[in-house]
Amino acid sequence: MLAAGKNMGHYCRLCGRTRPNERFSGNGHRIHVCNDCAKIPKADRDAIEQEEEMFGFMRQSHISDKNIARLRVLSASDNSRIADLASLVLDVAKVKPYKKRRLKVLARERRDLLEALERTGLIHVHHW
């Protein structure tokens, strides 16, 4: 019997599920990708990871200079969704890199960015 709150197995960083050890290959254990997600084409896996990376930038209390450099690289991506999200987060970082009162400043100064955040769903992770 497991103690309360304890899960056996490993967490897959692509699908977000906790899976039993048998659902991971030897390499999958190390990179935290289950066998099902390992079958996804590499370009699609990269897109999922990059999208999660940008959602992570919005959760941070400060979008740093290194984050901004990474966003510039992602905004030149071949994947149009990734490029659009990266350019949006980059614009937000230029206006208000710190999370405190970010939405209030965007509502007052850059209403278009706030509406774009709402359309893409990036505004929902801001409150975490």
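For the structure, see preceding data.
Residues numbered from 1 in each chain as written. Predicted model: local features only at pLDDT ≥ 70, side-chain atom pairs only at ≥ 80, totals over all residues. Heavy atoms only, no water.

Draft legend 1. Expanded view of the overall build of the chain. Helices and strands together make up the secondary structure of the chain, namely eight helices and two strands. Secondary structure of the chain in N-to-C order comes out as β-β-α-α-α-α-α-α-α-α. Relative to its length of 128 residues, the chain is extended, with a C-alpha radius of gyration of 17 Å against a globular reference of 14 Å. Its C-alpha atoms give the chain principal-axis dimensions of roughly 55 × 40 × 25 Å. (Helix = DSSP H or I, 4+ residues; strand = E, 2+ residues; numbered from the N terminus. Rg over C-alpha atoms; globule rule 2.2 N^0.38 Å.)

Draft legend 2. Quick look at the environment of Asn35. Following the sequence through the fold, Asn35 ends up in helix H2 (residues 35-38). Overall, Asn35 belongs to the partly exposed group, its relative accessible area being 24%. For Asn35 and Arg19, which are 16 residues apart along the polypeptide, the C-alpha to C-alpha distance reads 9.9 Å. (Buried < 20%, exposed > 50% of the residue type's maximum accessible area, 1.4 Å probe, protein only.)

Draft legend 3. Local environment of the side chain of Asn67. Mapped onto the elements of the fold, Asn67 is located in helix H4 (residues 65-75). For Asn67, the side chain forms a polar contact with the main-chain nitrogen of Ser64, separated by 3.1 Å. The contact partners of Asn67, leaving out residues within four places of it in the chain, are Phe57, Gln60 and His62. (Polar contact = N/O pair within 3.5 Å; in protein donor to acceptor, adjacent residues only side chain to side chain. Contact = heavy atoms within 4.5 Å.)

Draft legend 4. Representation of helix H5 (residues 80-95). Between the first and last C-alpha of H5 there are 23 Å, a value that for 16 residues agrees with the 22 Å anticipated at 1.5 Å per step. Here H5 has its buried residues at Ile82, Ala83, Leu85, Ala86, Leu88, Val89, Leu90, Val92 and Ala93. Packing partners of the buried residues in H5 comprise helix H3 (42-59), H4, helix H6 (102-109), helix H7 (111-120) and helix H8 (122-125). Its side-chain oxygen placed 3.0 Å from the backbone nitrogen of Arg81, Asn79 serves as the N-cap of H5. (Expected span 1.5 Å × (residues − 1).)

Draft legend 5. Looking closely at H3. For H3, which comprises 18 residues, the first-to-last C-alpha distance of 26 Å matches the rise-based estimate of 26 Å (1.5 Å per residue) to within 8%. Along H3, the positions that sit buried rather than exposed are Arg45, Ala47, Gln50, Met54, Phe55, Gly56, Phe57 and Met58. Buried positions along H3 lie against H2, H4, H5, H6, H7 and H8.

Draft legend 6. Representation of the nonpolar core in the model. Of all hydrophobic cores here, the largest spans 26 residues; its most connected members are Met54, Met58, Leu71, Val89, Leu117 and Leu122. Elements that contribute at least two residues to this core include exactly H3, H4, H5, H6, H7 and H8. When residues of this core are assigned to their parent elements, the largest contribution, eight residues, is made by H5. Once you skip the residues sitting within four places of it in the chain, Leu122 turns out to touch Met54, Phe55, Met58, Leu85, Leu88, Val89 and Leu117. Among the nonpolar cores identified, the runner-up in size contains six residues, and Leu14, Phe24, Cys34 and Cys37 belong to it. (Core = buried A, V, L, I, M, F, W, Y, C linked by side-chain atoms within 4.5 Å.)

Draft legend 7. Region of the structure containing the pattern of salt bridges. As enumerated under the stated definition, the model contains eight salt bridges in all. Across the pair Arg81 and Glu51 runs a salt bridge, and its minimum N-O distance is 3.0 Å. Taken together, the residues span a long stretch of sequence, with Arg81 in helix H5 and Glu51 in helix H3 at a distance of 30 residues. Judged by relative accessible area, which is 39%, Arg81 ranks as partly exposed. (Salt bridge = Lys/Arg side-chain N within 4 Å of Asp/Glu carboxyl O.)

Draft legend 8. Quick peek at unusual backbone geometry. Here the phi dihedral of His32 falls at roughly 60°; this positive angle occurs in a residue that is not glycine. In this structure, His32 sits in the loop between helix H1 (26-31) and H2.

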